Amino acid sequence: GIQVEQSPPDLILQEGANSTLRCNFSDSVNNLQWFHQNPWGQLINLFYIPSGTKQNGRLSATTVATERYSLLYISSSQTTDSGVYFCAVEANQGGKLIFGQGTELSVKP
Amino acid sequence: DAGVTQSPTHLIKTRGQQVTLRCSPKSGHDTVSWYQQALGQGPQFIFQYYEEEERQRGNFPDRFSGHQFPNYSSELNVNALLLGDSALYLCASSLHRLIGNTIYFGEGSWLTVV
């Protein structure tokens, strides 16, 4: 089945710094989403981005489907950005998401 | 517009017992999927329900079963609980096969098996 790899596994930043999280996937996909999991466990949708570029405030994402990777950019990081960021892909029409292992981000004040 | 709601939020069960978790999908959605997330791991797909039938299933034993009701809400049942079933159980809702279909998750149910 399709494989999803995220890097780096852990990231520690000072408040105000920028960061780039990467997601590689092993086959073509119909859906790619980025999530932020808060300390209480809820997965919060950041982007639906099977291809192209989107921006939402300090966050932006780019997916290059032909090269099978996606990037999540966080600019001017804040302590509230801390948590685990997951990339998930859907390879068929059925709505089954396959998740990467996540990137755990810690933003220090 | 109600999002995905799950209950209970936390529960503790003893090995060998059975548990039922509940999920109501986002308003307007008709498809419910369940995921298990062990500590330090990404969520793993358990199964998906649409039109009250199981449509897809991940690599989970038959101890894991589910149901979808006519109002699209869903239950996840786990029988003969094992210590390894301790995890966060997440419910996801979507609209069946709509291109550009964002999948939304509930806050999850934390299950501890002792």
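Relevant structure appears above.
Below: a short report on this structure. These numbers come from a predicted model, not from an experiment.

1. What to know about the sheet that holds strand 7 (residues 59-64) of chain A
All names here are of chain A. Strand order in the open sheet formed by 5 strands is 1-3-8-7-6, and the pairing between neighbours is antiparallel. Lying at the two open borders of the sheet, with one neighbouring strand each, are strand 1 (4-7) and strand 6 (52-56). Going across the sheet, the axis of each strand differs from the next one's by a mean of 15 degrees, ignoring polarity. Sheet topology places strand 3 (residues 19-25) next to strand 8 (residues 69-74); 6 bridges connect them, and they run antiparallel. When the bridges of strand 8 are listed, Ser19 appears paired with Ile74.

2. Comments concerning the sheet that holds strand 3 (residues 19-24) of chain B
All names here are of chain B. Within the open sheet, the 4 strands sit side by side as 1-3-8-7. Their pairing is antiparallel. Looking along the sheet, the strands with just one partner apiece sit at the ends: strand 1 (5-7) and strand 7 (64-68). Between one strand axis and the next, the sheet turns by 20 degrees as a mean value, whatever way the strands run. Across 3 bridges, strand 1 lies against strand 3 in antiparallel orientation.

3. A closer look at the pattern of salt bridges
Evaluation of the coordinates by the stated rule reveals 6 salt bridges over all chains. Of the charged contacts in the structure, one is a salt bridge between Asp81(A) and Arg58(A), with a shortest N-O distance of 2.9 Å. Of this pair, Asp81(A) sits in the loop between strand 8 and strand 9 (83-90) while Arg58(A) sits in the loop between strand 6 and strand 7; the two residues are 23 residues apart in sequence, bridging distant segments of the chain. The exposure class assigned to Arg58(A) is partly exposed, which follows from its relative accessible area of 27%. In this structure, the salt-bridge partner of Arg57(B) is Glu54(B), at a minimum N-O distance of 3.0 Å. Looking at Glu54(B), the relative accessible area reads 35%, which means it is partly exposed.

Parameters and conventions
- Residues numbered from 1 in each chain as written.
- Chains lettered and ligands numbered in written order.
- Predicted model: local features only at pLDDT ≥ 70, side-chain atom pairs only at ≥ 80, totals over all residues.
- Heavy atoms only, no water.
- Pairing = 2+ DSSP bridges.
- Helix = DSSP H or I, 4+ residues; strand = E, 2+ residues; numbered from the N terminus.
- Axes fitted to C-alpha atoms, helices over the stretch in contact; angles between N-to-C directions.
- Salt bridge = Lys/Arg side-chain N within 4 Å of Asp/Glu carboxyl O.
- Buried < 20%, exposed > 50% of the residue type's maximum accessible area, 1.4 Å probe, protein only.

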